[in-house]
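# Summary of the model geometry
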Amino acid sequence: ASLTYYEDSALPAFVTEQMVVADLELRVYFDTPHRLRVVVVDKNGQQWRVPQSVMDVPTATVAVPEAQRMYVFEHTTKPFTFTVKRKLNNATLFSLQQELVFTRQYLEAATSIPLPADGPNEPFVYGLGERIESFRLPTDTTYTIWNKDHGNPDLLNLYGTHPFYMRVENDVQPGNNAHGVFLLNSNAMDVDLFKQGSKLLKYRITGGVIDLYFVLGPTPTDVLQQYSAIVGRPFFPPRWALGFHQCRWGYRDVDTLRQVVDTYAQHGIPLDAIWSDIDYMKTYFDFTLDPDRFD
């Protein structure tokens, strides 16, 4: 479906009309009975997208029959909204709220998360890594998704980027149904969860496109299996990788590493691998080896 960014859209204060990408296209892929893909892209194809050569995500060539789908997809074009529901109980899983903001370098999209009047006042949401935080994500919080090496601070973004969340729906209706939402976008982003009293999960992204995968589970285990079918399965580790490893920051040179290995042997402690931290690099540049200390 074709979408035109309409003139009365409410734009953030820092966004001008000249920045808006006006001509958009909605593409919906009914991939499998449990997986739906919803993509909003610019018609001229100038926005950055994760290349298929980098991430070979699945895309169905034939839509699965409606009778087999676990989900219902509904949308309007002006204003542009869409909703994803679980067919079994008509529970809303994703509902585009407010107005989609789509500019060359800033995107904003939000979904409401329904809560029962007589149930918990916070959703059961997990994911949006990588960071140090409780398993169930706290609300009134912004989760930044952007790789960074800065120690082990609580809540802040760390080494990995995983714009995926899972929600267990027993906050709405008994049954412990779960679903997952994966945003295929490699740009830096913030994800707001129930900020300032809202009941929204809001994406604020520094470019790219909206490319959402919905997986319907229904169990949390099913959700994770369906998610890994999109991004790739974990590799089976070699046997030596399952052994005893030693690693730390501060091994200054290769002689120090040899001394550690020898000390393990002297004390009869098993050791299958030893790792050096960033000490081996030349002035801490990636893909380098210090020629003096680690030759």
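Before reading further, recall that the structure is shown in the block above.
Owing to the predicted nature of the structure, the values given are computational and were not obtained by experimental measurement. (Residues numbered from 1 in each chain as written. Predicted model: local features only at pLDDT ≥ 70, side-chain atom pairs only at ≥ 80, totals over all residues. Heavy atoms only, no water.)

This part is about the overall build of the protein chain. The helix and strand inventory of the protein chain stands at two helices and 16 strands. Considering only C-alpha atoms, the protein chain reaches an extent of 70 × 45 × 40 Å along its principal axes. Looking at the protein chain as a whole, 41% of its 295 residues are labelled buried. Restricting to contacts in the protein chain with at least 6 residues of sequence separation, those with at least 24 account for 58%. When the accessible area of the protein chain is evaluated, it comes to approximately 16500 Å², of which 54% is carbon and sulfur surface. Averaging the positions of the 26 positive and the 35 negative side-chain charges in the protein chain gives two centres separated by 4 Å. (Helix = DSSP H or I, 4+ residues; strand = E, 2+ residues; numbered from the N terminus. Buried < 20%, exposed > 50% of the residue type's maximum accessible area, 1.4 Å probe, protein only. Contact = heavy atoms within 4.5 Å. Areas by Shrake-Rupley, 256 points an atom, 1.4 Å probe, with all protein chains shown as cover. Lys, Arg positive; Asp, Glu negative; His and termini not counted. Charge placed at Lys NZ, Arg CZ, Asp CG, Glu CD.)

Turning our attention to the packing of aromatic side chains. Scanning the model with the defined rule gives 10 aromatic pairs in all. Plain terms: the ring middles of F82 and F94 are 5.5 Å apart, the flat faces sit at 10° to each other, and that makes the pair stacked. Taken together, the residues span a long stretch of sequence, with F82 in strand β5 (residues 80-86) and F94 in strand β6 (residues 91-102) at a distance of 12 residues. Pairing F182 with Y227 gives two aromatic rings, centres 5.5 Å apart and planes at 65°, and the pair type is edge-to-face. Pair noted here: F182 is in strand β11 (residues 178-183) and Y227 is in helix α1 (residues 220-231), with a separation of 45 residues, a long-range link. Accessibility expressed as a relative area gives 5% for F182, which makes it buried. An aromatic cluster of at least three residues, connected via ring pairs, comprises F73, F80, F82, F94 and F214. A cation over a ring is seen here: R37 above Y29, with NZ or CZ 5.6 Å from the ring centre. (Phe/Tyr/Trp six-rings, centres within 6.5 Å; stacked < 30°, edge-to-face > 60°. Lys NZ or Arg CZ within 6 Å of the ring centre and 35° of its normal.)

So, about the environment of P291. Among the structural elements, P291 can be located in the segment after β16 (273-276). Take P291: its relative accessible area is 43%, and that puts it in the partly exposed class. Placed 11 residues apart in sequence, P291 and Y280 show a C-alpha to C-alpha distance of 9.0 Å.

Core analysis: the biggest nonpolar cluster contains 43 residues, and F82, F94, L100, Y203, L212 and F214 have the highest contact counts within it. With residues near it in sequence (within four places) discarded, Y203 still touches F94, L107, E108, A109, Y165, V181, L183, M189, D190, V191 and L212. Within the second largest apolar cluster, 16 residues are counted, among which are F182, V215, Y227 and I230. (Core = buried A, V, L, I, M, F, W, Y, C linked by side-chain atoms within 4.5 Å.)

Another aspect to go through is the layout of surface pockets. The computed volume of the largest pocket comes to approximately 310 Å³. For the largest pocket, the lining is made up of 16 residues, of which Y126, G127, L128, F135 and F164 are closest to its centre. If you list the elements that add at least two residues to the lining of the largest pocket, you get β8 (124-129), β10 (162-168) and α1. Split by residue class, the lining of the largest pocket holds nine nonpolar, four polar and three charged. Volume-wise, the second largest pocket comes out at about 200 Å³. Taken together, 14 residues form the lining of the second largest pocket, with V50, M55, L184, N185 and S186 sitting closest to its centre. (1 Å grid on protein atoms, 1.4 Å probe; cavity = no way out; pocket = protein on both sides within 12 Å on 5 of 7 lines; lining within 4 Å. Points joined across faces, edges and corners; volume = space filled by probe spheres on them. Nonpolar A, V, L, I, M, F, W, Y, C, P; charged D, E, K, R; others polar.)

Right, let's get into the side chain of R69. With respect to the helices and strands, the residue R69 is situated in the loop between β3 (35-42) and β4 (71-77). Here V64 takes part through its backbone oxygen, which lies 3.0 Å from a polar atom of the side chain of R69. Ignoring sequence-local partners within four residues, the contact set of R69 consists of F30, P33, A63, V64 and K87. (Polar contact = N/O pair within 3.5 Å; in protein donor to acceptor, adjacent residues only side chain to side chain.)

On to the pairing of strand β14 (residues 210-215), then. Burial within β14 is extensive, with six of its six residues counted as buried. By the alternation rule, side chains of β14 split into I210, L212 and F214 and D211, Y213 and V215, which are all buried. Where β3 and β14 come together, six bridges link them in antiparallel fashion. The residue bridging L36 from the neighbouring strand is F214, located in β14. (Pairing = 2+ DSSP bridges.)

The next subject is helix α2 (residues 254-266). Relative to the 18 Å expected for 13 residues at 1.5 Å per residue, α2 spans 18 Å between its end C-alpha atoms, a close match to the ideal helical length. L257, V260 and Y264 are the residues of α2 that are buried. Along the axis of α2, the buried residues cluster in a sector spanning 60°; they form a single face. Exposed residues on α2 whose side chains face more than 90 degrees from its buried face are D255, Q259, A265 and Q266. Where the residues of α2 are buried, they touch β15 (245-248) and β16. For α2, the capping residue at the N-terminal end is D253, with a side-chain oxygen 3.2 Å from the backbone nitrogen of D255. (Expected span 1.5 Å × (residues − 1). Arc of directions from axis to C-beta.)

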